[in-house]
Amino acid sequence: KLLASRELLLWWRNKYQLKARIAQDIIMGIIVGTVFWQIGNKDNINAQALIGIIFQSLLFITLGAQVTILDQITSRGIFYKQQDANFFPTWSFVLGSSIAYIPTAIIDAVAYGTIVFWFAGLASDDGASVANYFAYLLILLVSSLSFGLTFSVFAAAFRDKSSAIGGLS
């Protein structure tokens with residue numbers, strides 16, 4: 001609990017990164033939404049365009065989660081120092097970091113996903129648009145969390161920043 005609250009406090013205090021992330025989500029949502037403008041509202045829905053929207057959304061979420069690797073490698077020295085002093089076990093640090101990533105994933109899913117969903121016209125006329133909307137946001141949220149945790153494993157596996165970035169490319 002202590003580590004999760006500390007990680008959340010560090011996340012909340014970094015206002016510049018938080019504002020930049022929200023601005024990035026909104027700008028990319030507008031760009032992707034205008035590229036796929038009202039694709040879903042036509043009588044003959046193009047399946048390739050819908051797959052393109054989902055692919056582009058997952059790609060954006062994946063690249064957004066990849067940015068967290070540098071922060072995790074930077075904070076790894078502090079973790080090793082506290083672990084050597086037996087402050088806490090490793091699993092509690094991992095759990096705290098994972099819990100602290102949830103607000104970022106929610107912001108990504110809601111800010112980006114809302115704009116893309118409504119710009120692209122993914123809402124259907126049969127009354128299921130609210131369920132479709134929340135299903136789309138859930139897909140983005142789960143993808144963001146899973147990619148964030150996967151990249152955390154990469155950050156732990158590599159020795160330094162340059163090898164971690166090189167290993168992902």
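Everything numeric in this text was worked out from a predicted model, so none of it was measured.

(A) Region of the structure containing helix α5 (residues 90-119). With 30 residues, α5 should reach 44 Å at 1.5 Å per residue; the first-to-last C-alpha distance of 43 Å fits that figure. Its maximal kink placed at Gly113, α5 deviates by approximately 30°. Taken from the residues just after α5, Gly121 is the one with a positive phi, measuring 70°.

(B) The side chain of Ser144, seen in detail. Considering the arrangement of structural elements, one finds Ser144 in helix α6 (residues 129-157). Setting aside chain neighbours within four positions, we find Ser144 in contact with Ile61, Ala65, Tyr101, Ala105 and Asp108.

(C) Geometry of the packing of helix α2 (residues 15-35) against α5. Running from amino to carboxyl end, α2 crosses α5 at an angle of 25°, the nearest separation of the two axes being 8 Å. With respect to α5, the axis of α2 lies roughly parallel. Seen along the crossing, α2 lies across α5 with a hand that is right-handed. Together, Leu18, Arg21, Ile22, Asp25, Ile26, Met28, Gly29, Ile30, Val32, Gly33 and Thr34 of α2 and Tyr101, Thr104, Ile107, Asp108, Ala111, Tyr112, Ile115, Val116 and Phe119 of α5 make up the contact between the two elements. Residues that form the contact of α2 with α5 fall into these classes: 13 nonpolar, four polar and three charged.

(D) Representation of the packing of helix α3 (residues 47-66) against α6 within the structure. Where α3 contacts α6, the axes come no closer than 9 Å and their chain directions differ by 35°. Handedness of the α3/α6 crossing: right-handed. Here Ile53, Ser57, Leu58, Ile61, Thr62, Ala65 and Gln66 of α3 lie close against α6, whose contacting residues are Tyr136, Ile139, Leu140, Ser143, Ser144, Phe147, Gly148 and Phe151. In terms of residue class, the contact of α3 with α6 is built from nine nonpolar, six polar and no charged.

Reading the values: rules and limits
Residues numbered from 1 in each chain as written. Predicted model: local features only at pLDDT ≥ 70, side-chain atom pairs only at ≥ 80, totals over all residues. Heavy atoms only, no water. Helix = DSSP H or I, 4+ residues; strand = E, 2+ residues; numbered from the N terminus. Expected span 1.5 Å × (residues − 1). Bend = angle between axes of the 7 residues up to and from the residue. Contact = heavy atoms within 4.5 Å. Axes fitted to C-alpha atoms, helices over the stretch in contact; angles between N-to-C directions. Parallel < 35°, antiparallel > 145°, perpendicular 65-115°, else oblique. Left-handed = near helix turned anticlockwise from the far one by under 90°. Nonpolar A, V, L, I, M, F, W, Y, C, P; charged D, E, K, R; others polar.

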